[in-house]
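# Per-entry structural report
If you want the building blocks of each chain, they are given just below.
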Amino acid sequence: METMVIRGGRRLQGTVTASGSKNASLAIMAACLLADGTSRVTNVPDVQDIRTMCTMLEILGARARMQDNVFTLDPKGFASRPAPYELVKTMRASIYVLAPLLSRFGKAQVALPGGCAIGQRPIDQHLKGLEALGAQVSLEHGYIHTAAPHGLKGADIYLDVASVGATVNIMLAAVLAAGKTVIDHAACEPEIVDLAEGLNRMGADIKGAGSSRIEIKGQRQLGPMEHRVITDRIEAGTLAVAGAITAGDITIRSFPGRHLTALEKKLGEAGVEVVPAAGDAVQIKRLQERLAPVDIVTLPYPGFPTDLQAQWMALMCLAAGRSVVTETIWENRFLHVAELKRMGADIQIEGSNALVRGGALLSGAQVMASDLRASAALILAGLVAEGETTVSRIYHLDRGYEQLEEKLASLGADIQRIRE
Ligand code: EPZ
């Protein structure tokens, strides 16, 4: 077991570079299964979820490699094999192999992902989309069995919720389906746009990604992909909050400002400026001694991202007054609250609202990470807490942050990973 030990009280200073997007990479890695030939994708973060996806692709017979943030996939041996529960349960994005299996072999068997700490996480919209494209779907012994004996055919699909994952799976199926597919109420997240760009580089014909209506003309075959993944907006946002919470003076390179408008505006309301610097860098500057309390509501893009909710809450623990954090995407994404309270935070949960009374001095404590973003929030709180904070179950952090402790340490944080 590994823990992270942080001694709080250091103002962060210096320059740091944001990594490539984990969530865009996961979808793009699955997309590479659709190619006739070896794909090469750069700026892929070296994190556990990416390694898990590599293992999944290898189980399916493809040859997946990750070296120096470059992912290559040779799909030559890709075969119709079950995507096993042992792997799917460790990473839900494994479900992205469903569509490539179905469109290349006319059948797929993928373990049904269960719930996770942040919510039940249904996949009904993925299945609804694939059924509309002509797949027969059944559930047997915990596995989703899909078959499309007559091939997939384009269809008009309306998603009941603008699900990122369902949009990904339907796009991956539709690019090789016969005829035209329209996805209405599609997810608009930047990761969807990046996937569409990658697929279009393979020869797909996708229009409208980034809007709520995506149109796809199916192709007979796709060539390999050469693509550079976008910056991870959630990691960049987490680093920005690290600068803000410590009243530091940090510069973040490769900052995806246009994907983080909601965070930038909210930081501005709290008294933190995001100042454009050279190239694609920004400087994070706290304009006032005390942060102003600012309410947020998590929403699908371009709303405030749920994946930055926990980090924002840590920031609001320092604000001069009361703020409300409302979570509308995941029904159980407040597990960090009890841990922040162990550090002296004054937070009360009322349904999907967390009422944060900021201003109390946080004190270092032993806390436990419950999921990826909660672990980041606890580390952020530890940066400003008095004394020592120990965050356990740090494997959650390693699923999605590339060298976060090295990056924070390079900015002057007193943070250390302890391997027991
Ligand atoms: C993606 O999850 C991200 N994961 C999540 O990031 C992120 O929190 C989430 O989108 C929302 O932005 C990846 O990209 C790998 P959804 P996903 O399907 O695709 C409901 C992180 O920390 N829903 O957009 O699973 C669902 O219950 C992770 O990096 C259905 O009802 O999210 C939720 O309320 C955590 N039926 C909402 O839609 C479905 O079939 C959004 O879920 C699918 C989803």
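Everything numeric in this text was worked out from a predicted model, so none of it was measured.

### Things to note about the overall build of the protein
Of regular secondary structure, the protein possesses 14 helices and 23 strands. Whereas a compact globule of 420 residues would reach a radius of gyration of roughly 22 Å, the protein reaches 21 Å, a difference of no more than 12%. Here the C-alpha coordinates of the protein stretch approximately 65 × 40 × 40 Å along the principal axes. In the protein, which comprises 420 residues, the proportion classed as buried is 55%. Considering only intrachain contacts with a sequence separation of at least 6, the fraction spanning at least 24 residues in the protein is 72%. Just so you have it, the protein exposes about 16,400 Å², and 48% of that area is on carbon and sulfur atoms. Positive and negative side-chain charges of the protein, numbering 43 and 45 respectively, have mean locations separated by a distance of 3 Å.

### Section: the site of the ligand
Around the ligand there are 22 residues in total, and Gln125, Ser163, Asp307, Ile329 and Arg373 lie nearest to it. Take Lys22: an N or O atom from its side chain is 3.0 Å from an oxygen atom of the ligand. Compared with its free state, where it exposes 830 Å², the ligand has 84% of that area covered by protein. If you list the elements that add at least two residues to the shell around the ligand, you get helix H1 (22–31), helix H5 (124–132), helix H6 (164–174) and helix H12 (372–384). The dominant element in the shell around the ligand, judged by the number of residues it contributes, is H5, at 3 residues. Looking at the shell around the ligand, its residues break down into 10 nonpolar, 6 polar and 6 charged. Here the shell around the ligand spans two domains, since at least three of its residues come from each of domain 1 (2–19 + 231–419) and domain 2 (22–228).

### Some remarks on the pattern of salt bridges
Per the stated rule, a full pass over the model turns up 25 salt bridges. Put simply, Glu388 and Arg7 hold a salt bridge, and the shortest N to O gap is 3.2 Å. Pair noted here: Glu388 is in strand E22 (residues 388–392) and Arg7 is in strand E1 (residues 2–7), with a separation of 381 residues, a long-range link. Among the residues examined, Glu388 registers a relative accessible area of 41% and is labelled partly exposed. Two residues, Lys207 and Asp205, come together in a salt bridge whose shortest N-O distance is 3.1 Å. Among the residues examined, Asp205 registers a relative accessible area of 22% and is labelled partly exposed.

### What about the environment of Leu130?
Mapped onto the secondary structure, Leu130 falls in helix H5. Judged by its relative accessible area of 0%, Leu130 is buried. Residues Leu130 and Leu102, 28 residues apart in the sequence, show an inter-C-alpha distance of 9.1 Å. Residues contacting Leu130, with those up to four places away along its chain left out, are Leu98, Leu102, Ala135, Asn169 and Ala173.

### Focus: the environment of Tyr85
Mapped onto the secondary structure, Tyr85 falls in helix H3 (residues 85–88). Linking Tyr85 and Ala111, residues 26 residues apart in sequence, is a C-alpha distance of 4.9 Å. Tyr85 has contacts with Ala111, Leu112 and Tyr143, leaving out every residue within four places of it along the chain.

### Let's talk about the nonpolar core
With 77 residues, the main nonpolar core has Met53, Phe71, Tyr96, Val97, Met171, Leu172 and Leu199 as its most contacted residues. The contact partners of Leu199, leaving out residues within four places of it in the chain, are Ala31, Leu34, Met171, Leu172, Val175, Ala204, Ile206 and Met225. Core analysis: the next-biggest nonpolar cluster, separate from the first, contains 70 residues, Leu263, Val272, Val294 and Ala385 among them.

### A look at H1
Three or four residues apart is the spacing at which side chains of an α-helix point the same way, because the helix has 3.6 residues per turn. Of all 10 residues in H1, 9 are buried, a share of seventy percent or more. Along H1, the residues that are buried comprise Lys22, Ala24, Ser25, Leu26, Ala27, Ile28, Met29, Ala30 and Ala31.

### Describing the domain arrangement of the protein
By a widely used convention, the size of an interface equals the accessible area lost when the partners come together. Taken domain by domain, the protein holds domain 1 (2–19 + 231–419) and domain 2 (22–228). Taking the mean C-alpha position of each, domain 1 and domain 2 sit 31 Å from one another. If you look at the interface, domain 1 gives 22 residues, while domain 2 gives 21 residues. When domain 1 packs against domain 2, the two sides together hide about 1,700 Å² of surface, and 50% of this comes from carbon and sulfur. Looking at the side of domain 1 facing domain 2, the largest losses of area belong to Trp330, Arg399 and Glu402, adding up to 34% of the total buried there. The tally of links between domain 1 and domain 2 comes to 2 salt bridges. The closest approach of N and O atoms between Arg399 and Asp49, which form a salt bridge, is 2.7 Å. Joining domain 1 to domain 2, the criterion identifies 11 residue pairs in polar contact (both at pLDDT 80 or more). Taken together, the residues that form the side of domain 1 that touches domain 2 break down as 6 nonpolar, 6 polar and 10 charged.

### Quick look at the packing of helix H4 (residues 98–105) against H6
Relative orientation of the contacting elements H4 and H6 amounts to 20°, with a least axis distance of 8 Å. By the angle between their axes, H4 is roughly parallel relative to H6. H4 and H6 meet at a crossing whose hand is right-handed. Between H4, through Leu98, Ala99, Pro100 and Ser103, and H6, the contact on the second element is made entirely by Asn169, Leu172 and Ala173. Of the residues that constitute the contact of H4 with H6, the class distribution is 5 nonpolar, 2 polar and no charged.

Reading guide: rules and limits
Residues numbered from 1 in each chain as written. Predicted model: local features only at pLDDT ≥ 70, side-chain atom pairs only at ≥ 80, totals over all residues. Heavy atoms only, no water. Helix = DSSP H or I, 4+ residues; strand = E, 2+ residues; numbered from the N terminus. Rg over C-alpha atoms; globule rule 2.2 N^0.38 Å. Buried < 20%, exposed > 50% of the residue type's maximum accessible area, 1.4 Å probe, protein only. Contact = heavy atoms within 4.5 Å. Areas by Shrake-Rupley, 256 points an atom, 1.4 Å probe, with all protein chains shown as cover. Lys, Arg positive; Asp, Glu negative; His and termini not counted. Charge placed at Lys NZ, Arg CZ, Asp CG, Glu CD. Near = heavy atom within 4 Å. Polar contact = N/O pair within 3.5 Å; in protein donor to acceptor, adjacent residues only side chain to side chain. Nonpolar A, V, L, I, M, F, W, Y, C, P; charged D, E, K, R; others polar. Domains from an automatic or database assignment. Salt bridge = Lys/Arg side-chain N within 4 Å of Asp/Glu carboxyl O. Core = buried A, V, L, I, M, F, W, Y, C linked by side-chain atoms within 4.5 Å. Buried area = accessible area lost by both parts, 1.4 Å probe. Axes fitted to C-alpha atoms, helices over the stretch in contact; angles between N-to-C directions. Parallel < 35°, antiparallel > 145°, perpendicular 65-115°, else oblique. Left-handed = near helix turned anticlockwise from the far one by under 90°.

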